[in-house]
Amino acid sequence: MERRFPHDQRQMMLGQNLVPSKLANLNDTIQDELLQVYSPDLPDVNTWEQEVTRWKVKFSDIPKAKLPGTLKSSLKQAHQDFYPNIRRIFVLLLTMPVTSVCCERSFSGLRRLKTWERSTMGEERLCGLAMLHTHRDKDVSREDILLRFDRTGHRRIGKLTFD
C-alpha cells in the first residue's frame, strides 16, 4: 500500500474503516484523520463526532458475521438524514478509481500507434486511431469510418472495396 498509493489517496482509503465489519479498527486518531481529509466534501462537519458515535452504536449489537462488509452494502445502511457525512464518504470511496489500468492501457496503445514512421500524423487522426485501438472490442463499422475519412478530402478512399 505504501508503494502503490500516494499519501493523499492512502488517507482517503482510511474511510474504509467506517464499513461496519471494520469499525473495530476505527479509533480516535483515524476518526480525526478522516475528518481532516474529507472535511471539504462533508455536508455538515459540526455533527461528525455525533454521527460516528451513532454509527458505532447502530452496529454494536449485531453479530460480526452479519455486519455489512462492503462499501456498497454499507452505503445502503447509511441513511441520508441520519448519517449524511458517512454516506458522503462512502459515495466518494465508491467513485474512486480502483486502479489506473485504463489510463496505462491507453498510453501503451498510443506508444504502439505513434511510431517514428507516423511522426507527422495529425492530432485528430491520432486521437481517432487511439480510440479505435482502445475500444477495438466494440462493434464498429469499417464502412462508416472509411466514408467519414473520405469526406474530409484527405485521401481517395472511395475506390477501396470492402471485404
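Taking an unreviewed UniProt entry as the reference, the protein chain is identified by name as HAT C-terminal dimerisation domain-containing protein belonging to Mytilus edulis.

Colleague: Before we move on, can you summarise the overall build of the protein chain with the specific residues and values?
Modeller: Scanning the protein chain for helices and strands turns up eight helices and zero strands. Reading the helices (α) and strands (β) of the protein chain from amino to carboxyl end gives α-α-α-α-α-α-α-α. Within the span of the protein chain, comprising 163 residues, buried residues form 24% of the whole. A sequence separation of at least 24 residues applies to 50% of the contacts in the protein chain between residues at least 6 apart. Of the roughly 12,200 Å² of accessible surface on the protein chain, a fraction of 53% belongs to carbon and sulfur atoms.

Colleague: Could you give an account of the side chain of Glu51, with specific residues and numbers?
Modeller: As for its position among the elements, Glu51 is in helix α3 (residues 48–58). Despite its burial, Glu51 pairs with no opposite charge, the nearest such side chain being Arg54 at 4.7 Å. Reaching out from Glu51, the side chain makes a polar contact with the backbone nitrogen of Asn85 at a distance of 2.8 Å. With sequence-adjacent residues up to four places away left out, Glu51 is seen in contact with Phe82, Tyr83, Pro84, Asn85 and Ile86.

Colleague: For the nonpolar core, give the residues involved together with the corresponding values.
Modeller: Core analysis: the biggest nonpolar cluster contains 23 residues, and Leu18, Leu34, Trp48, Trp55, Ile86 and Phe90 have the highest contact counts within it. Taken together, the elements giving at least two residues each to this core come down to α2 (28–38), α3, α4 (71–77) and α5 (84–95). No other element matches α5, which puts four residues into this core.

Colleague: Which residues make up the environment of Leu23, and what are the values?
Modeller: Its place among the elements puts Leu23 in the loop between α1 (7–13) and α2. Given a relative accessible area of 12%, Leu23 falls into the buried group. Separated by 36 residues in the primary sequence, Leu23 and Phe59 have C-alpha atoms spaced 8.8 Å apart. Sequence-distant contacts of Leu23, defined by excluding residues within four places in its chain, comprise Asn17, Leu18, Trp55, Lys56 and Phe59.

Colleague: Please provide a residue-by-residue account of helix α7 (residues 123–134), values included.
Modeller: Residues separated by three or four positions in an α-helix point in the same direction, a consequence of the helix having 3.6 residues per turn. The end-to-end C-alpha distance of α7 is 16 Å, a good match for the 16 Å that 12 residues give at a rise of 1.5 Å each. Of the residues making up α7, those classed as buried are Leu126, Ala130 and His133. Seen from one end, α7 has its buried residues packed into an arc of 65 degrees, which puts them on one side. Exposed and facing more than 90 degrees away from the buried side of α7 are Glu124 and Met131.

Colleague: How would you summarise α3 if you had to cite specific residues and measurements?
Modeller: Burial in α3 covers these residues: Trp48, Glu51, Val52 and Trp55. Each buried residue of α3 sits inside an arc of 95 degrees when the element is viewed along its axis, so together they form one side. Turned more than 90 degrees off the buried face of α3, the exposed positions are Gln50 and Val57. Packing partners of the buried residues in α3 comprise α2, α4 and α5.

Colleague: Please provide a residue-by-residue account of the side chain of Asn17, values included.
Modeller: By the secondary structure assignment, Asn17 is in the loop between α1 and α2. Asn17 gets classed as buried once you look at its relative accessible area, which sits at 11%. Once residues within four sequence positions are removed from consideration, Asn17 is found in contact with Lys22, Leu23, Asn25, Leu26 and Ile30.

Colleague: Help me get a handle on the packing of α3 against α5, residues and values and all.
Modeller: Running from amino to carboxyl end, α3 crosses α5 at an angle of 80 degrees, the nearest separation of the two axes being 8 Å. Viewed along their axes, α3 and α5 adopt a mutual orientation that is roughly perpendicular. Mapping the contact onto sequence places Trp48, Glu51, Val52 and Trp55 in α3 and Pro84, Asn85, Ile86, Ile89 and Phe90 in α5. Looking at the contact of α3 with α5 residue by residue, the class counts come to seven nonpolar, one polar and one charged.

Parameters at a glance
- Numbering of residues starts from 1 in every chain and runs along the sequence as written.
- The predicted origin of the model limits local features to residues at a pLDDT of at least 70 and limits the giving and counting of side-chain atom pairs to 80 or more, whereas totals for whole chains, interfaces and linings rest on all residues.
- To get the side-chain values, take all heavy atoms of the structure and skip hydrogens and water.
- Strands are runs of DSSP state E lasting at least 2 residues, helices are runs of H or I lasting at least 4, and numbering of each runs from the N terminus.
- Accessibility here uses a 1.4 Å probe with only protein chains present; expressed as a share of the type maximum, an area under 20% marks a residue as buried, one over 50% as exposed, and anything in between as partly exposed.
- Every residue pair with non-hydrogen atoms within 4.5 Å of one another is taken to be in contact.
- Residue-level accessible areas treat just the shown protein chains as cover; the underlying method is Shrake-Rupley with a 1.4 Å probe.
- His is not counted, nor are the chain ends; Lys and Arg add positive charge and Asp and Glu add negative charge.
- The rule for a salt bridge is simple: a side-chain nitrogen of Lys or Arg has to be within 4 Å of a carboxyl oxygen of Asp or Glu.
- Here a polar contact means two N or O atoms within 3.5 Å. Within protein one must be a hydrogen donor candidate and the other an acceptor candidate, and residues neighboring in sequence count only if both atoms are side-chain atoms.
- Working definition of a nonpolar core: buried Ala, Val, Leu, Ile, Met, Phe, Trp, Tyr and Cys residues. They are joined through side-chain atoms within 4.5 Å.
- Every helix has an expected span of 1.5 Å times one less than the residues it contains.
- Taking the helix axis as origin, the arc is that swept by the directions to the C-beta atoms.
- Only C-alpha atoms enter the line fits that serve as axes; for helices the fit covers just the stretch in contact. Angles between N-to-C directions range over 0 to 180 degrees.
- For this classification, under 35 degrees means roughly parallel, over 145 means roughly antiparallel, 65 to 115 means roughly perpendicular, and everything else is oblique.
- Amino acids outside the nonpolar list (Ala, Val, Leu, Ile, Met, Phe, Trp, Tyr, Cys, Pro) and the charged list (Asp, Glu, Lys, Arg) are all regarded as polar, and Gly is one of them.

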